[in-house]
Every structure is written in structure tokens, then in C-alpha cells.
Amino acid sequence: MSEQRTLDDLSSQELHDLAVRRARRHLDVRFFWRLMERLPAAEAAAGELDEVEADMQRISAHIDDVTDSGRGEVAELLRPFYLEYLKSHGVRPDEKGSA
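Residues numbered from 1 in each chain as written. Predicted model: local features only at pLDDT ≥ 70, side-chain atom pairs only at ≥ 80, totals over all residues. Heavy atoms only, no water.

> Honestly, the environment of F32 in this entry has me stumped. Any pointers?
Structurally, F32 is set in helix α2 (residues 29–45). Sequence-wise, F32 and V66 are 34 residues apart; in three dimensions their C-alpha atoms are separated by 7.7 Å. (Helix = DSSP H or I, 4+ residues; strand = E, 2+ residues; numbered from the N terminus.)

This is the structure:
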């Protein structure tokens, strides 16, 4: 029998996908708002300064960033945010399809 994985065992992209699916299913606008608040700092820390500038100029850039926030160094920098969100809502890794 295999051991059950924890949220900490998931990759940052898996955490992003799970959190976004859960927030979308529950119409959790607060999650998306909080994510958009954190994105510019994570993008800047990841060296994506062009993204930060675009984000400051128009809100539509944020919508695309929600999808992109599950990739690369930005996802790694947002990992604590995803973990906090998922744990606070009792989401487990085995709920990927139903989050």
C-alpha cells in the first residue's frame, strides 16, 4: 500500500492548479484578489520585470498572470500562499479532480 501524499509533497505547479480549481469551483473571489496582490512581488523576485510593468499598467494582465502563476520560479515563490490557502480549506492532494 502506498503512503498518502501531503500538500507539502506536491510541486508548486500542482499546488497552484489545486488552489485555482478549488477557488474557481467555490467562486472564491478573495483568493484571486489575494493572488493578484502577491503576483507583482513574486514576478519581480523571479526577475520578470516586464510582467510587473505590464501588471501596473492594466488589470487584464493580471487575468493572464493567474494562469502563469503556476509555472517556474513565480510558482515557487507563491508556494507558501498556495499551501496556506489549501490547508485552511482542508484540501488534500487526493482531491485533485474534485477540488
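The structure having been displayed, the exposition proceeds.
> Is there a simple way to explain the layout of surface pockets in this structure?
Summary: where empty space remains is shown by rolling a probe the size of a single water molecule over the atoms. By volume, the largest pocket amounts to about 160 Å³. Of all elements in the fold, only α1 (12–25) and α4 (60–68) reach the threshold of two or more residues within the lining of the largest pocket. The biggest single contributor to the lining of the largest pocket is α1, with five residues. A breakdown of the residues in the lining of the largest pocket according to their chemical character gives four nonpolar, four polar and three charged. (1 Å grid on protein atoms, 1.4 Å probe; cavity = no way out; pocket = protein on both sides within 12 Å on 5 of 7 lines; lining within 4 Å. Points joined across faces, edges and corners; volume = space filled by probe spheres on them. Nonpolar A, V, L, I, M, F, W, Y, C, P; charged D, E, K, R; others polar.)

> Before we go on, may I ask you to explain the packing of aromatic side chains in this structure?
How two aromatic rings sit relative to each other is set out by the distance from centre to centre and by the angle between their planes. Inspection of the entire model under this criterion finds four aromatic pairs. Ring plane angle 15° and centroid distance 5.3 Å describe the contact between F31 and F81, whose orientation is recorded as stacked. A residue pair is termed long-range when its members are at least 10 positions apart, and F31 in helix α2 and F81 in helix α5 (residues 72–88) qualify at 50 residues. Taking 4.4 Å as the distance between ring centres and 40° as the angle between the ring planes, the aromatic pair formed by F31 and Y85 counts as tilted. Residue F31 is located in helix α2, and its partner Y85 is located in helix α5; the two are separated by 54 residues in the primary sequence. A residue is classified by how much of its surface remains accessible, and F31, at 1% relative accessible area, is buried. (Phe/Tyr/Trp six-rings, centres within 6.5 Å; stacked < 30°, edge-to-face > 60°. Buried < 20%, exposed > 50% of the residue type's maximum accessible area, 1.4 Å probe, protein only.)

> Even after reading the chapter, I still don't get the packing of α1 against α5, so can you show me in this structure?
The packing of two helices is summarised by the inter-axis angle and the distance between the axes. Two numbers describe how α1 lies on α5: the axes approach to 9 Å, and their chain directions differ by 45°. Taken together, the axes of α1 and α5 are oblique relative to one another. In terms of crossing hand, the pair formed by α1 and α5 is left-handed. Contacts between α1 and α5 involve S12, L15, H16, L18, A19, R22 and A23 from the first element and A75, E76, R79, Y82, L83, Y85 and L86 from the second. Among the residues making up the contact of α1 with α5, the classes are represented as nine nonpolar, two polar and three charged. (Axes fitted to C-alpha atoms, helices over the stretch in contact; angles between N-to-C directions. Parallel < 35°, antiparallel > 145°, perpendicular 65-115°, else oblique. Left-handed = near helix turned anticlockwise from the far one by under 90°. Contact = heavy atoms within 4.5 Å.)

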